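Residue-level structure breakdown
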Amino acid sequence: MPDAPSLPDIAAPLLAWFATARRPMPWRETSDPYRIWVSETMLQQTRVDQAEPYYRAFVEAFPTVNALADAPLDDVLKRWEGLGYYRRARNFHRAAQIVRDDHGGLVPSDYDAFRALPGVGPYTAAAVLSIAFNRPHAALDGNVIRVLARLVALPDDTTRPATRR
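My aim in this report is to walk through the structure given alongside it, one point at a time. Since we're looking at a predicted model, the values are computed, not measured. (Residues numbered from 1 in each chain as written. Predicted model: local features only at pLDDT ≥ 70, side-chain atom pairs only at ≥ 80, totals over all residues. Heavy atoms only, no water.)

**What about the pattern of salt bridges?**
Taken as a whole and assessed by the stated rule, the structure comprises seven salt bridges. Where D49 meets R47, a salt bridge forms, and the shortest distance between an N and an O atom there is 3.2 Å. One connected set of salt bridges, linked through shared partners, spans D70, R100 and D101. (Salt bridge = Lys/Arg side-chain N within 4 Å of Asp/Glu carboxyl O.)

If you want it as structure tokens, here you go:
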């Protein structure tokens, strides 16, 4: 059996493909960590085509993390209506208040500080920090882990914590 490709061997072709095949999305047109965070939060358990109109309306209503933090929770939930999983909206609202109160209204660029916010898991932290702050964090979800396991011919169960590590 030939050697499985190393990850650096696949990076260039993947980036080349992405440069030509990427879909335009409003959150790809910004480096604002708050707006990227909005998109990553909305895209949990939600398809891109469903999330996009909600994203546009949400950032229009709450254009900054401070605007979100200052908004009544009922207003935030009303804007979230239709996306489901309302715990995401509640956590995001609470996290925005913590950013306002404890981080001077600036989304933390430090992984541990950002990860400590309510509703921010490892994938969201890695995605936001790598996109918004160009930090070297890998955003690994279940699909990415399965693809990488296949590329390196890893026979182990990718749902096991030891395999994921």
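**Thoughts on the packing of aromatic side chains**
Within this structure, the stated rule accounts for seven aromatic pairs. Ring centres of Y34 and F92 lie 6.1 Å apart, and the angle between their planes is 10 degrees; this geometry places the pair in the stacked category. Taken as a pair, Y34 in helix 2 (residues 33-42) and F92 in helix 6 (residues 86-102) lie far apart in primary sequence, 58 residues in all. With respect to burial, Y34 and F92 carry one shared label: buried. A centroid spacing of 5.8 Å and a plane angle of 80 degrees characterise the contact between F58 and W80, whose relative ring orientation is edge-to-face. Residue F58 is located in helix 3 (residues 48-61), and its partner W80 is located in helix 5 (residues 73-80); the two are separated by 22 residues in the primary sequence. (Phe/Tyr/Trp six-rings, centres within 6.5 Å; stacked < 30°, edge-to-face > 60°. Helix = DSSP H or I, 4+ residues; strand = E, 2+ residues; numbered from the N terminus. Buried < 20%, exposed > 50% of the residue type's maximum accessible area, 1.4 Å probe, protein only.)

**A word on the packing of helix 5 against helix 6**
Close contact between helix 5 and helix 6 brings their axes to 10 Å; oriented N to C, the two are set at 140 degrees. One finds that helix 5 runs oblique with respect to helix 6. At the point where helix 5 passes helix 6, the crossing takes the right-handed sense. Of helix 6, the residues touching helix 5 (which contributes L73, V76, L77 and W80) are Y86, R88, A89, R90 and H93. For the contact of helix 5 with helix 6, the per-class residue count stands at six nonpolar, one polar and two charged. (Axes fitted to C-alpha atoms, helices over the stretch in contact; angles between N-to-C directions. Parallel < 35°, antiparallel > 145°, perpendicular 65-115°, else oblique. Left-handed = near helix turned anticlockwise from the far one by under 90°. Contact = heavy atoms within 4.5 Å. Nonpolar A, V, L, I, M, F, W, Y, C, P; charged D, E, K, R; others polar.)

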